[in-house]
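Commentary on secondary and tertiary structure
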Amino acid sequence: MRVDFYQLTRDPVEKVVPALARKTLQAGQRMLIVGADQEQRRIIAEELWKEGPAHFLANGEAAEPHAARQPILLSDSCEPLNEARFLLLADGVWREEASAFARTFLMFGPDQTEAARGLWRDLKARAASDGTVEFGAFRQNEDGGWNPL
């Protein structure tokens, strides 16, 4: 399992998700995007569709028909109805079910930094005992790119 921490300092999560979703699809994987707030998921879905035909980031909600066929699925739970192996936690909240995915992207804002640090320490301790977790940590820069933490 790999967990990548993304600290959002410039753009809201809905502006960042399309790039990660596109890279996921290019890697031949499916993505599950989880967030408790339905309005946040709706905005993320709109941003994914705005990518247009050149990138065509097709997506749908887990509660809608044909959820299993969606390459990018949005949900309030970590149940991968689309058989996704990549998980993006859009609301910055860790869920233990994330441990079942090959890769998890944890998006968090400045107000969630302390919780993310605590999670990092907990996962590091878990990795020290069983060696099953790899990590990455990135902070958004002024240009919208990412710098390693």
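Refer to the structure above for everything that follows.
Computed from a predicted structure; not experimentally measured. (Residues numbered from 1 in each chain as written. Predicted model: local features only at pLDDT ≥ 70, side-chain atom pairs only at ≥ 80, totals over all residues. Heavy atoms only, no water.)

The terminal C-alpha atoms of helix α2 (residues 38-50) lie 18 Å apart, and with 13 residues this matches the ideal 18 Å at 1.5 Å per residue to within 8%. By the burial criterion, the buried members of α2 are Gln40, Arg41, Ile44, Ala45, Glu47 and Leu48. Here the buried residues of α2 occupy an arc of 160° about the axis, which is enough to place them on one side. Within α2, the exposed residues directed more than 90 degrees away from the buried face are Gln38 and Lys50. Where α2 begins, one side-chain oxygen reaches toward the backbone nitrogen of Glu39, 2.9 Å away; that side chain belongs to Asp37. (Helix = DSSP H or I, 4+ residues; strand = E, 2+ residues; numbered from the N terminus. Expected span 1.5 Å × (residues − 1). Buried < 20%, exposed > 50% of the residue type's maximum accessible area, 1.4 Å probe, protein only. Arc of directions from axis to C-beta. Polar contact = N/O pair within 3.5 Å; in protein donor to acceptor, adjacent residues only side chain to side chain.)

Bringing the environment of Arg42 into the picture now. Within the element layout of this structure, Arg42 appears in helix α2. Accessibility expressed as a relative area gives 37% for Arg42, which makes it partly exposed. In terms of polar contacts, Arg42 uses its side chain to reach the side chain of Glu39, at 2.4 Å.

Looking now at the pattern of salt bridges. Here the structure, examined in full by the defined rule, presents 12 salt bridges. Of the charged contacts in the structure, one is a salt bridge between Arg126 and Glu96, with a shortest N-O distance of 3.4 Å. On the criterion of sequence distance, the pair formed by Arg126 in helix α3 (residues 113-130) and Glu96 in the loop between β5 (86-89) and β6 (103-108) is long-range, its members being 30 residues apart. For Arg126, a relative accessible area of 29% translates into the label partly exposed. Residue Glu96 is classed as partly exposed on the basis of its relative accessible area of 46%. (Salt bridge = Lys/Arg side-chain N within 4 Å of Asp/Glu carboxyl O.)

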